[in-house]
Amino acid sequence: MDTDEIHLRRLPGPHTDSEFHGVDFLPEDLNEAPEETGMRVNKKYSCLPAEEKGIHIINIRAIEDIGYDQHESTLLNSLSKNPDADCKYGLYFRDGKRKVDYILVYHYKRSSAGRTLARRVHHNDSSTRNTKQDQPLPGKGVQLEMGEGEPHVDCHEDDKRFRREEYEGNLVEAGLELEHDEDTKIHGVGFVKIHAPWNVLCREAEFLKLKMPTKKMYQINQTHGLLKKINTVIQKITEPIQPKVAEHKPQTMKRLSYPFSREKQHLFDLSDRDSFFDSKTRSTIVYEILKRTTCTKAKYSMGKGEGRKKETALLNKRRKCGKYGITSLLANGVYTAAYPLHDGDYEGENVEPNDRKLLCEEWASYGVFYKYQPIDLVRKYFGEKIGLYFAWLGVYTQMLIPASIVGIIVFLYGCATVDENIPSMEMCDERNNITMCPLCDRTCSYWKMSSACATARASHLFDNPATVFFSVFMALWAATFMEHWKRKQMRLNYRWDLTGFEEEEDHPRAEYEAKVLKKSLRKEHKHKETDKEKLTWKDRFPAYLTNFVGIIFMVGLTFAIVFGVIIYRISTAAALAISSTPSGRSSVRVTVTATAVIINLVVIIILDEVYGCIARWLTQIEVPKTDKNFEERLIFKAFLLKFVNAYTPIFYVAFFKGRFVGRPGDYVYIFHSFRMEECAPGGCLMELCIQLSIIMLGKQLIQNNLFEIGIPKMKKFIRYMKLKRRRSLDHEEHMKKKQRYEVDYNLEPFAGLTPEYMEMIIQFGFVTLFVASFPLAPLFALLNNIIEIRLDAKKFVTELRRPVAVRAKDIGIWYNILRGIGKLAVIINAFVISFTSDFIPRLVYLYMYSENGTMHGFVNHTLSSFNVSDFQAGTAPNDPMDLGYEVQICRYKDYREPPWSENKYDISKDFWAVLAARLAFVIVFQNLVMFMSEFVDWIIPDIPKDISQQIHKEKVLMVEVFMREEQGKQQMLETWKEKGKKKGENCNNHSPRLSRSHSGSLSSCHSYPLDV
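A few words on the nonpolar core. Nonpolar side chains in soluble globular proteins generally cluster together in the buried interior. In terms of nonpolar packing, the biggest core is built from 126 residues, with Trp392, Tyr396, Trp477 and Phe770 touching the most fellow members. Ranked by the residues each element gives to this core, the list is headed by helix 14 (residues 384–416), at 15 residues. Beyond its immediate sequence surroundings of up to four residues, Trp392 is in contact with Phe481, Trp485, Tyr757, Met760, Ile761, Ile811 and Leu818. Counting 47 residues, the second-largest nonpolar core is a separate cluster that includes Tyr108, Leu210, Phe260 and Phe277.

According to the stated counting rule, one finds 52 aromatic pairs in the structure shown. Ring geometry for Phe639 against Phe643: centres 5.6 Å apart, planes inclined by 45°, an arrangement best described as tilted. Highlighted residues: Phe639 and Phe643, both in helix 22 (residues 627–656), separated by 4 residues, approximately one helical turn. Of the two residues, Phe639 and Phe643, both sit in the buried class. Where Phe655 meets Phe770, the ring centres are 6.5 Å apart and the plane angle is 40°; that geometry is what we call tilted. Taken together, the residues Phe655 in helix 22 and Phe770 in the loop between helix 26 (754–768) and helix 27 (777–799) connect sequence positions 115 residues apart. The exposure class of Phe770 is buried, given its relative accessible area of 0%. Cation over ring: Lys254 sits above Tyr494, and NZ or CZ is 5.1 Å from the ring centre. The ring of Tyr381 has Arg802 lying over it, and the distance from NZ or CZ to the ring centre is 3.9 Å.

With that out of the way, let us pick up the environment of Phe473. For Phe473, the position within the fold is in helix 17 (residues 465–495). Residues Phe473 and Ala403, spaced 70 residues apart in sequence, show a C-alpha to C-alpha distance of 8.3 Å. The residues contacting Phe473, other than those within four sequence positions of it, are Pro402, Ala403 and Val406.

Attention shifts here to the packing of helix 14 against helix 17. Contact geometry of helix 14 with helix 17 gives a least axis separation of 10 Å together with a crossing angle of 160°. On the basis of their axis angle, the class for helix 14 and helix 17 is roughly antiparallel. In this structure, helix 14 crosses over helix 17, and the sense of that crossing is right-handed. For the contact of helix 14 with helix 17, the residue count by class is 21 nonpolar, 5 polar and 1 charged.

Okay, the state of the cysteines next. The final tally for this structure, using the stated rule, is 2 disulfides. Here Cys428 pairs with Cys453 through a disulfide, and the sulfurs are 1.8 Å apart. The sign of the 95° torsion about the S-S bond sets the Cys428-Cys453 disulfide as right-handed. One end of the pair, Cys428, is in helix 15 (residues 422–428); the other, Cys453, is in helix 16 (residues 453–462), and 25 residues separate them in sequence. Its relative accessible area of 19% is what places Cys453 among the buried residues. A disulfide bridge connects Cys437 with Cys890, and the sulfur atoms are separated by 1.9 Å. Given an S-S torsion of about 85°, the disulfide between Cys437 and Cys890 has right-handed geometry. Linking Cys437 in the loop between strand 8 (435–436) and strand 9 (447–448) with Cys890 in strand 15 (residues 889–893), this pair joins segments that are 453 residues apart in sequence. As far as burial versus exposure is concerned, Cys437 and Cys890 are alike and both buried.

The phi torsion at Val623 lies on the positive side, around 55°, for a residue other than glycine. Its place among the elements puts Val623 in the loop between helix 21 (588–622) and helix 22. Here Tyr905, not a glycine, exhibits a phi torsion of approximately 70°, which is positive. Tracing the backbone shows Tyr905 in the loop between strand 15 and helix 31 (909–939).

Cut-offs applied
Residues numbered from 1 in each chain as written. Predicted model: local features only at pLDDT ≥ 70, side-chain atom pairs only at ≥ 80, totals over all residues. Heavy atoms only, no water. Core = buried A, V, L, I, M, F, W, Y, C linked by side-chain atoms within 4.5 Å. Buried < 20%, exposed > 50% of the residue type's maximum accessible area, 1.4 Å probe, protein only. Helix = DSSP H or I, 4+ residues; strand = E, 2+ residues; numbered from the N terminus. Contact = heavy atoms within 4.5 Å. Phe/Tyr/Trp six-rings, centres within 6.5 Å; stacked < 30°, edge-to-face > 60°. Lys NZ or Arg CZ within 6 Å of the ring centre and 35° of its normal. Axes fitted to C-alpha atoms, helices over the stretch in contact; angles between N-to-C directions. Parallel < 35°, antiparallel > 145°, perpendicular 65-115°, else oblique. Left-handed = near helix turned anticlockwise from the far one by under 90°. Nonpolar A, V, L, I, M, F, W, Y, C, P; charged D, E, K, R; others polar. Disulfide = S-S within 2.5 Å.

Below, the structure written as structure tokens:
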């Protein structure tokens, strides 16, 4: 007897019908009409292998009631005789030949009468009920008659079961082969293994227009002369940092690719059909079938009563209006998960070589951080969309290397010239005896400018002439990076055969279909006959209004939090100024700035998570039609909210702090009690640098790395503890090795690339937007990305379920966001240099006011004088003798008329001269850098010359292949025609009598060319 067969004969002795409920026996008339029965069975299971035709799959659920428990082991062995060795622990069907291409997971409730004996049931492509006859799926079990001791199954669970049966039946009709497994270590969870046979793969590959390699090979154009020698030297130098994978080696020959066609199978190399479609392509094809296949006849099959009738009526309406694809079934809980399998284990002894193991060793390991990524292998395993993300991340990280080197040089230049900086030397010179006005009312006293010496010297590290050059360099760097990525993208499109790929309209999302269904039901209730419904702007108007109000509210919340931190800074500065220790008073600014930035960082990290959830909710209520529309709208909202959240505190320090302070005797107050804070005498650029560095480093360290490492580790530990608890309850079952699909089910589901892109885009903003204030930003971004690449790689290979491979030829909307940030960076850096730093005031002083052409006297030029007798009542310091002498004139940073002038305390002409110079610099800098960026964009072609030549060569070769094929067909037809003519002439040369006697032969001669 075959291992997958079960022969159940009538048992001797009397038995009542109740003893055999739920069991399908062989038909009574099998002996009387074997041919008729055999025909009926074979018609139903026509696709079964020869040795399995005519088998009646029985429902094992009630075998325990028969009374033959002693044969339990025999039955189990007959169903699962050494299955794990044959199916390679879940990678293949039980026959060990058909590969598992996709997995569907569902929850089910077991009967309390006892556990199922044999839950691994063979279920291939045709082992399903005929949907027209309303018969249950073989292997799924027939509808059970409810015994007295067996509780009723929940009606919703019953409906889910019928939906699964119908859906799986439709999958089988689409050509897929299924196999069920409920004998798992995860209680209450069943798995449906899906295999796509060769004919289905060919059919779907033709539908999807998948480009597949043909037999024709051609040589890739190679460089000659000096360029060839240079490339050879570069290859030898970079050989130690190349990954040891076959896909990464330079190729000199390439197969010609052509969209797969069943009529032109002779063009393709089909010598090894098992590997012609790789696992990534197979899972993509199956997923397309799963999305396209619908379930429309779900119904309740058990229970009585008015409630059940109403629910059935509702389902009848749904059957008229709605269809349930895999996305709808997942959303409704009919299936709990759907995913392709990983290729195998990536660690352990005696692990067979596979792409996953190779990726883990050569890509997802921190020990290979210095190596290039095996992008072609990543694409082969995960698909083009994920491959493009890691390729973009690799290009971005490589481009950060020159930016980091230049940033380090600029920083070192500031360190080398700090002792030669005249303004900071004047501020630190105690002999100048410059007395500054109080920083707050009453509690703060006068203070010496020399006490801010450390801040002034530190400001020069980032506020020096080299930062202007660095800002121009980074603007050009951003343009060069975008052009370099476009060229790299075109190379990948050529290598991955995506040159002619155009994205087709995706299937509607489950939520969209449900919304359309509700709309149809409402119109049907009003007895309106309608065509195919779709959602209009009127249907979405409440969602649009909610989106607008929600985004405005979230942006307002961010501003309110920043305003609250400003109040904290002001009040804390006033409290620390009361300190009696001189050291406490001298470190007021640093203490206040550092603590406020830490508060901002914590708030930003918390709000980032909140805004991500809110953006998803706002997108969901819009009900976009396709997944692509959903993703684009989600990205836009999430980026807008996270951009405002991350950069609002930095924008405040860069452009608003110290701008609306007023002057001594006429300060600006918040709530009539808090005085607006001022910039330090050296400017606000140092505070901007502190703010930017702490937020950037904090986000990268805490949010990007600790969260990505810590949270998955914590979830893994929780799952391990749960499994350990279960293992103690059922030791024998858990001693078995898990199947591949069970192991993958315990992994985290893939949540998309949006979070990965988002953190890199925000980092790109930190690197480019305010780089004039923090030249070391590219260096810290580079160090973070070296870790980030391996961290993301490890997550994709070891901690996530294998995502469905998605074809894509670019990075989508993210490219437009990057270009927008690059343009915005030019404008922001122009304003930072001109308004936040002292670069423009120094130039104005040097060329307009300096007596000897040096910076001596610059500090005194930027300070205005104030007569302490002009303080408003109640705002003068409580201790005017704190410095040991009486102060009559104090200084403050501004361009105003002195108290002895006719228009005292009015804005002076120097202010307008500096303002005009600042605006002129913004205009010149912005237009100059924009022009240079556009020039770089224009001078660098988007498509490399060699790639355009190769694409043209492929077209020419493909035309030649088809021309030769047509010529061969034409020659063959002409040869057959000539043979037919010769045969006809021979027949005509016969005598008439012979012709009459061989009339049949003669007619066949004349009909021969027609047959050909």
